[in-house]
Amino acid sequence: MRGICKQFPGVVALNDVALEVQPGEVHVLLGENGAGKSTLVKILSGAVQKDAGEIALAGERVEIRGPDHARRLGISIIYQELTLVPHLSVAENIFLGKAPRRWGLVDWRQMRHDAERLLHGLGLAIDVTRPVSGLGLAQQQMVEVARALADEARVLVMDEPTSALTGVEVEQLFSTTARLIARGVAVVYISHRMDEVFRIGHRVTVLRDGRNVATHRLADVTVAELVQMMANREVSDQYPRRQVARKSELLRVEGLTRRGILHDVNLSLHAGEVLGIAGLVGAGRTELARAIMGADPIDAGRITIRGQAARIRTPAAAVRQGLGFLPEDRKAHGLVLSLSVQHNIALPNHQRMSKWGLLDGRRERRDAQRMIEQLRIKTPAPDRITRWLSGGNQQKVVLAKWLAGHADIFIFDEPTRGIDVAARRDIYELINGLVERGAGVIMVSSDLPEVLGMSDRVLVMRLGRIQAEFDASAVSEAAVMNAAFGVAS
Amino acid sequence: MNAGAAGITSARQLGTLLGLLALCCVLWILTPHFLTVSNLLNVLQQSAINAIVAAGMTFAIISGGIDLSVGSVLALSGIVLANVLQAGGGLPLAVTLALATAAACGLLNGLLVTGGRLPPFIATLGMMSVARGLALIWAEGRPISGFDETFRLIATGRPLGVPAPVLITLVVYGLAHVALAHSVFGRSVYAIGGNEEASRLSGVPVRWHKTGAYIVCGLSSGVAAVVLTARLNSAQPTAGIMYELDAIAATVIGGTSLFGGEGTLVGALIGALIMGVLRNGLNLLDVSSFVQQLVIGIVIIVAVLIDTALKRGR
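Residues numbered from 1 in each chain as written. Chains lettered and ligands numbered in written order. Predicted model: local features only at pLDDT ≥ 70, side-chain atom pairs only at ≥ 80, totals over all residues.

Some words on the overall build of chain B
The helix and strand tally for chain B stands at 13 helices and 2 strands. The C-alpha radius of gyration of chain B comes to 19 Å, within 12% of the 20 Å expected for a compact globule of 314 residues. Its C-alpha atoms put chain B at 55 × 55 × 35 Å along the principal axes. Put simply, chain B has 314 residues, and 53% of those count as buried. Excluding contacts between residues fewer than 6 apart, the proportion of contacts in chain B whose partners are at least 24 apart in sequence is 78%. (Helix = DSSP H or I, 4+ residues; strand = E, 2+ residues; numbered from the N terminus. Rg over C-alpha atoms; globule rule 2.2 N^0.38 Å. Buried ≥ 20, exposed ≤ 12 C-beta atoms within 10 Å, placed from the backbone. Contact = placed C-beta atoms within 7 Å.)

Below you can see the structure in the form of structure tokens.
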């Protein structure tokens with residue numbers, strides 16, 4: 001790709017960007033949120049048309065007319081959000097739209113056979129007749145990879161493929177990727193996890209503000225150098241320190257139980273502290289967060305807020321009690337994408353922003369403007385529809401919803417998922433600012449260094465229970481992992 | 001250029017408005033009778049009922065639902081009105097009870113959707129039949145006719161030269177606009193239609209506001225019932241058949257998304273006017289009512305096609 005330009009109303013998304021990927025190479029694409037990575041991928045996938053520039057495949061100039069055309073050209077994309085059909089089987093998903101036929105009918109035996117051969121080639125043993133909905137996230141991702149292979153992909157783009165995966169699953173994905181490049185597929189790999197980038201990548205291209213910054217062999221650069229290229233400013237200590245004394249208890253949870261999901265969970269959160277919650281995907285961390293927020297019904301348990309027994313049956317009740325919740329999946333649960341930035345920010349704060357049931361539009365706009373400045377949300381205007389913001393900026397809007405209000409108990413479920421290093425740092429500083437002002441933060445995270453670096457105490461969940469509690473400053477990653485896997489250490 | 005919500009929706013409204021104006025121009029050329037004051041007032045008056053019902057429908061659709069019962073609720077509400085009037089209950093009481101009946105039907109729709117977790121299509125389909133049945137039972141299948149002149153003023157009055165139904169429509173739209181665009185309730189309706197779970201997790205009382213949308217929808221049918229009964233000087237248990245489709249059509253022509261979360265009242269009003277102008281113009285041109293059906297169907301499809309194309313383009 002050479003000289004790629006793309007403008008959206010009000011923003012230049014890409015300006016003269018170039019990217020060159022060799023067969024058998026894993027080429028990492030790095031950049032802050034809004035740097036233009038997603039736009040570049042969308043152009044490659046045919047979802048968006050470029051304004052200028054040219055794309056060549058194996059030396060031949062091509063115009064990508066649409067997603068279908070991209071597929072036929074051998075360009076496959078694996079997005080953060082998986083695009084499988086849950087009720088169909090693995091084999092059906094792999095051959096969606098191109099099932100082998102005999103006399104006009106689908107040749108099921110051939111399809112199963114081909115699917116098994118493809119998965120076997122990737123070193124996987126998955127029952128191809130199972131519906132995809134019964135598979136783990138990692139396995140679903142492998143099915144996506146297999147589908148790309150069935151398309152005879154020459155270029156495979158992976159957009160944050162590991163953001164929802166646990167350690168073991170990441171290993172699986174990496175070994176699959178290694179087999180892919182051995183077959184001569186060119187892989188474009190987008191990730192914010194630096195350790196992964198260095199393990200899997202051959203070369204790296206850094207984008208900033210829609211322009212190329214540099215392309216390097218990964219062997220020739222350091223993490224610090226890359227981060228600086230992305231941010232163009234020194235990002236020193238990855239987890240900023242804070243000095244706060246733990247104060248009175250804000251939240252106490254006793255005997256919280258949701259049959260089959262959460263078992264007798266006890267925890268307490270104090271003002272001025274970050275309580276980390278670690279554990280494997282499926283250990284019940286998100287379910288715990290939702291139960292405290294009143295989003296799911298519970299079978300037993302007591303919640304005490306600021307020393308007072310609280311009945312939280314609905315999220316509305318939780319919000320009234322001063323709780324704020326940043327869900328794991330910001331598009332499905334965090335934002336109303338069809339509403340503007342300012343209307344999303346106002347959403348949990350309607351009571352405060354209205355009189356006699358009528359909203360104070362000026363105040364709404366003023367509050368939004370303040371949050372946009374404070375959180376450095378990149379948006380042309382407060383009335384921009386949130387759908388058109390980049391992922392990191394969307395996440396900041398979700399944060400702004402709660403910061404604009406009077407919440408002092410925050411539950412953040414994977415607050416930095418899919419977010420670049422500089423924006424992560426913004427969010428860490430924001431969390432520190434909150435606890436310094438006397439709030440309490442519960443932080444659920446699958447990123448172990450993050451949860452240890454940010455928290456005062458860490459709870460480890462396993463199978464719906466609290467397996468262990470650690471002082472974050474005095475525990476090793478290995479000890480937390482052992483607890484998460486239920487291994488005695 | 002503003003790329004935000006306001007920019008896109010107002011561009012969309014401008015498109016609908018231009019469509020309406022273009023339609024008027026064509027009819028003006030084809031028939032000189034179209035652009036006379038009396039005919040235009042006539043068009044407004046005839047569009048009033050559909051416009052009022054469409055205002056309520058807009059709330060239901062933006063909330064991510066739909067209300068198929070509006071026509072039947074209109075009939076039932078009209079029967080209540082007529083019965084109370086003929087029993088000598090007086091106009092204020094009759095209108096209050098008629099509106100209360102309509103609001104109660106809306107409340108029931110809302111509770112079935114939020115509490116009973118029925119799909120809106122099913123809940124209101126049921127209500128469509130129940131309300132119609134009640135209207136027919138209560139009126140014993142016959143129209144109730146003949147009211148005094150004061151009541152008929154609601155349809156025949158012309159304060160400041162403007163037909164009363166037109167004024168009532170404007171008042172309904174004024175109130176509805178404040179509710180939809182400036183109140184917590186209205187904003188919540190947009191949010192719920194856009195993403196119900198995200199709204200719930202933000203502390204929006206989803207059930208409450210969703211039920212509210214159906215109550216507003218019911219209420220607007222009640223208002224339409226009062227106007228229609230006064231205009232016909234008769235309440236008919238078979239009134240309002242297919243009105244739900246007209247209201248949905250007006251709403252959709254006006255750019256409201258059937259998936260919820262997007263839409264405006266101004267759009268619904270222009271949509272209702274487009275349908276009214278079209279019917280009136282086709283009548284003036286002596287086009288048979290069979291052909292009219294066909295033309296209106298095509299207009300609905302074309303309007304939504306344009307809408308979809310615009311959305312894809314941006």
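Quick notes on the overall build of chain A
Helices and strands together make up the secondary structure of chain A, namely 17 helices and 24 strands. Whereas a compact globule of 489 residues would reach a radius of gyration of roughly 23 Å, chain A reaches 24 Å, a difference of no more than 12%. When its C-alpha atoms are laid out on the principal axes, chain A stretches across 70 × 50 × 50 Å. In chain A, of all internal contacts separated by at least 6 residues, the share reaching a separation of at least 24 is 68%.

A few points about the interface of chain B and chain A
The partner chain A presents 33 residues to the 26 residues of chain B that form the contact. If you list the elements that add at least two residues to the side of chain B that touches chain A, you get α1 (5–30), α8 (184–194) and α9 (196–201) of chain B. Class assignment of the residues belonging to the side of chain B that touches chain A gives a composition of 12 nonpolar, 10 polar and 4 charged. (Nonpolar A, V, L, I, M, F, W, Y, C, P; charged D, E, K, R; others polar.)

Some words on the confidence of the model for chain B
Should the pLDDT be low somewhere, the predicted coordinates at that spot are not to be read in detail. For chain B, the mean per-residue pLDDT works out to 91, and 95% of the residues sit at or above 70. Scored by ipTM, the complex comes to 0.87, with pTM at 0.76. (pLDDT = per-residue confidence, 0-100.)

Quick notes on the sheet that holds strand β12 (residues 211–217) of chain A
Residue and element names in this part refer to chain A. Read across the sheet, 6 strands follow the order β6-β9-β10-β3-β11-β12 without closing on themselves; strand pairing throughout is mixed. One side of each edge strand has no neighbouring strand; the edge strands of this open sheet are β6 (75–78) and β12. Between one strand axis and the next, the sheet turns by 20° as a mean value, whatever way the strands run. Sheet topology places strand β3 (residues 26–31) next to strand β11 (residues 203–208); 5 bridges connect them, and they run parallel. Counterpart to Val 28 in the pairing with β11 is Val 204. Contacts between helix α6 (residues 167–182) and the sheet are confined to β3, β9 (155–159) and β10 (186–190), with β10 contributing the most and set at about 145° to the helix. (Pairing = 2+ DSSP bridges. Axes fitted to C-alpha atoms, helices over the stretch in contact; angles between N-to-C directions.)

What about unusual backbone geometry?
Most of the time, phi is negative for any residue but glycine, and the peptide bond is trans. The phi dihedral of Glu152(A) is positive, around 55°, even though this residue is not glycine. Within the fold, Glu152(A) resides in the loop between α5 (137–150) and β9. In the Ramachandran plot, Arg117(B) falls in the positive-phi region, its phi being about 55° despite a non-glycine side chain. Within the secondary structure, Arg117(B) is located in the loop between α4 (91–114) and α5 (120–138).

Quick notes on the sheet that holds strand β23 (residues 457–462) of chain A
All names here are of chain A. Spatially, β18-β21-β22-β15-β23-β24 is the arrangement adopted by the 6 strands of the open sheet, whose pairing is mixed. At either margin of the open sheet sits one strand with a lone partner, and together these are β18 (323–326) and β24 (465–471). Going across the sheet, the axis of each strand differs from the next one's by a mean of 20°, ignoring polarity. With 4 bridges connecting them, β18 and strand β21 (residues 409–413) associate as parallel partners. By the bridge assignment, Leu 326 is partnered in β21 with Phe 412. On top of the sheet, helix α17 (residues 477–485) reaches β15 (274–279), β23 and β24; it is set at about 30° to β23, its chief contact.

With respect to the packing of α5(A) against α6(A)
Residues and elements named next belong to chain A. Direction vectors running N to C along α5 and α6 enclose 15°, while the axes themselves pass 10 Å from each other. If you check the angle between α5 and α6, you find them roughly parallel. When you trace α5 past α6, the crossing you get is right-handed. Residue-level inspection shows Ala 138, Gln 141, Met 142 and Val 145 of α5 in contact with α6, the latter providing Glu 169, Gln 172, Leu 173 and Thr 176. Each residue belonging to the contact of α5 with α6 can be placed in one class, and the counts come to 4 nonpolar, 3 polar and 1 charged. (Parallel < 35°, antiparallel > 145°, perpendicular 65-115°, else oblique. Left-handed = near helix turned anticlockwise from the far one by under 90°.)

Some points on the pairing of β12(A)
Residue and element names in this part refer to chain A. Inspection of the sheet shows β11 paired to β12 by 6 bridges, in the antiparallel sense. Looking across to β12, one finds that Thr 205 is bridged to Thr 215. Following β11, the chain reverses through 2 residues before pairing antiparallel with β12; Asp 209 in that reversal takes a positive phi of roughly 50°.

Re the packing of helix α3 (residues 70–86) of chain B against α5(B)
Residues and elements named next belong to chain B. Contact pair α3 / α5: the axes reach a minimum separation of 8 Å and the direction vectors enclose 25°. Regarding the angle of α3 to α5, the classification is roughly parallel. You can see that α3 and α5 cross each other, and the crossing is left-handed. When α3 is examined against α5, the residues Ser 72, Val 73, Ala 75, Leu 76 and Ile 79 are found in contact with a partner set consisting of Met 128, Ala 131, Arg 132, Leu 134, Ala 135 and Trp 138.

Details of the nonpolar core
For soluble globular proteins, nonpolar side chains are generally found buried alongside one another. Membership of the largest hydrophobic core comes to 240 residues, with the highest contact counts inside it found for Phe410(A), Val441(A), Ile442(A), Ile52(B), Leu81(B) and Val227(B). When neighbours within four sequence positions are excluded, Val227(B) is seen to be in contact with Ala48(B), Ile49(B), Ile52(B), Ile154(B), Ala155(B), Pro165(B) and Ile168(B). (Core = buried A, V, L, I, M, F, W, Y, C linked by C-beta atoms within 7 Å.)

Some thoughts on the environment of Gly453(A)
You can see Gly453(A) is positioned in helix α16 (residues 448–454). With 265 residues separating them in the primary sequence, Gly453(A) and Val188(A) have C-alpha atoms 30 Å apart.

Describing the pairing of strand β14 (residues 262–270) of chain A
Strand residues, when the strand is regular, have side chains that alternate between the two faces of the sheet. Relative to β14(A), strand β13 (residues 249–258) of chain A runs antiparallel, the two being bridged by 6 bridges. Bridge pairing in β14(A) places Glu249(A) opposite His270(A).

Concerning the environment of Tyr79(A)
The topology assignment puts Tyr79(A) in the loop between β6 and α3 (90–94). Linking Tyr79(A) and Glu144(A), residues 65 residues apart in sequence, is a C-alpha distance of 9.3 Å.

Looking at α5(A)
Residue and element names in this part refer to chain A. With 14 residues, α5 extends 20 Å from end C-alpha to end C-alpha; this agrees with the ideal 20 Å at 1.5 Å per step. For α5, a buried count of 11 out of 14 residues is recorded, marking the element as mostly surrounded by other parts of the structure. Buried residues in α5 make contact with β6, α3, α4 (108–121), β9 and α6. (Expected span 1.5 Å × (residues − 1).)

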